[in-house]
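# Observations on chain architecture
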Amino acid sequence: MFNILNEMKMKLITRFLLGIAVLSGITVKAQNYVVLHADKAADTINKNIYGHFAEHLGHCIYGGFYVGDNNKKIPNKNGIRLDVIEALKKLKVPVLRWPGGCFADTYHWKDGIGPKDQRPSMLNIWWGNVKEDNSFGTNEFLNMCEVLGAEPYLSGNVGSGTPQELADWIKYTTHPANSSPMPELRAKYGRPNPWKVKYWGLGNEAWGCGGNMTAEYYANVYRQYATFMTDWNNSDGIYRIASGASDDDYHWTEVLMKELPPKMFNALGLHHYSVIDWSKKGSSNEFSESEYFTTMERALLMEELVTKHSAIMDKYDPKKTKALAVDEWGGWYDVMQGTNEGFLFQQNTMRDAMIAGATLNIFNNHCDRVKMANLAQIINVLQAVILTSEEKMIVTPTYHVMEMYNVHHDALMLPLTVVSSDYVLGGKKLPAVSASASKDKNGAVHISLVNIDAAKEQTITIQLGNIKAGSVTGRILQSSKLQNHNTFDKPDAVTPATFTNAKVTGQELKITLPAFSVVVLELK
């Protein structure tokens, strides 16, 4: 009932604001309003909403992060590329999910520890049927997370593993020195002290590549695995994430919320990709406006998915003690011509910047329930923030959006109301403008705005309410074509710039957003 009343209230506010626009004679082009409700701020934007995902897939790990201990051509430390580390530190990656993905439910962690020349190889059946030598394993990943300053999120093998295997992995990574055989094995392989590993996933896509299970069956399997991860009171402080729903499978969420004991889980996952058609996904860098529009339809569907899955969770968890973790999201297209179909390598254009900006606004605005999200994937796969080719490395438009938005990390979310003009194409329409806002620990207010319209700029009036703004500065990501992207020959073709087209007058801020652009403002 509360949700229904709240929705009715928002509709009334929207009609009221539209009425003001009409009475004021404002043209359709300028009918964009954002109203900040700073007095109603209560929830913090968890920095883990800006998390990432690294799977043993294509050149994400091998050739992306890891180039080998003996590589003399590419600067590295212990096989990890130094340029990648430097770029990701600037991004402030808060959490990194590994080793999958579908790969996780075929991965046996003990094959990836110990002397590298003694580790058995394996066949990556999901992604290209390539042979891997297991030279990048648990120690390499967790040591890398320490260098990055990112918290690791390990996905346990529930599909083809055992409860004992998962329990041993937890002991190997987190238990004190000399407390049991697993920490002794860790010390033998060069790491006496434990790592800090809080986040653990129990399988991946259990409804699909993780076992093709029903929700009811997975709920029982989950309970079995979760039982052996820690003691009854979870004195280890493990944060357990259940394999969640695909897209609009609300039955999956309902069953897990009903069947999983509250003491045995902390979050439910959710996966949603912005894909035009699974049988014909389209080119990542040569696409029409119609294809762009459809991609944005899929991206903006995240609002509905988060809202409806959250409503189900609210029934069983009205105090919001359990989180929604959107641990796979992003754009998915056909692979670049001439590349391995199983490696999922695609370009990253201004279209992807639009997906990132709009989606992160959704997550920010739902931070009462969404506590983690993981963009798929971090390097060379799907909507990557970094692309590499031998010794060359570039960052993508998506990278720039996530770097611009990192001002929202752990900041107080400021609720807002958005009234947007429509982006119209072929008789269909989408809201052109999306926004989110926050206030950081130093009192600075940040507002992130996205205009997805492929042709029209949008003039926006922002009502600041009780926020006092003596100055406003900003940054913008824009380009001349939606298809524009960075390349190894032109690595800075798309890069942020200073934004000056915003003016504060009293408690009102006016701004004009160019077509398909992302802007982040700072008010002090």
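As shown above, the structure is provided for reference.
Presented here is a report on the structure given in the accompanying data block.

The rules behind these values
- Residues numbered from 1 in each chain as written.
- Predicted model: local features only at pLDDT ≥ 70, side-chain atom pairs only at ≥ 80, totals over all residues.
- Heavy atoms only, no water.
- Pairing = 2+ DSSP bridges.
- Helix = DSSP H or I, 4+ residues; strand = E, 2+ residues; numbered from the N terminus.
- Axes fitted to C-alpha atoms, helices over the stretch in contact; angles between N-to-C directions.
- Phe/Tyr/Trp six-rings, centres within 6.5 Å; stacked < 30°, edge-to-face > 60°.
- Buried < 20%, exposed > 50% of the residue type's maximum accessible area, 1.4 Å probe, protein only.
- Lys NZ or Arg CZ within 6 Å of the ring centre and 35° of its normal.

With that settled, consider the sheet that holds strand β17 (residues 416-419). Sheet architecture is open: five strands sit in the order β17-β1-β22-β26-β25, paired in mixed fashion. Of all strands in the sheet, those bounded by a partner on one side alone are β17 and β25 (502-505). Each strand axis lies, on average, 15° off the axis of its neighbour in the sheet, ignoring direction. By the bridge criterion, three bridges tie strand β1 (residues 33-36) to strand β22 (residues 458-463) in an arrangement that is parallel.

As a further point, take the packing of aromatic side chains. A full pass over the atoms with the stated rule returns 20 aromatic pairs. With centroids separated by 5.4 Å and ring planes inclined at 35°, the aromatic side chains of F103 and Y107 adopt a geometry described as tilted. The buried category is assigned to Y107, whose relative accessible area is 3%. Ring centres of W329 and F363 lie 5.7 Å apart, and the angle between their planes is 85°; this geometry places the pair in the edge-to-face category. In this pair, W329 sits in strand β12 (residues 323-331) while F363 sits in helix α9 (residues 350-365), placing the two residues 34 residues apart along the sequence. Owing to a relative accessible area of 0%, F363 belongs among the buried residues under this scheme. The positively charged end of R97 is found above the aromatic ring belonging to F53, 4.6 Å away from the centroid. The ring of F265 is capped by K322, whose NZ or CZ atom sits 5.0 Å from the centre of that ring.

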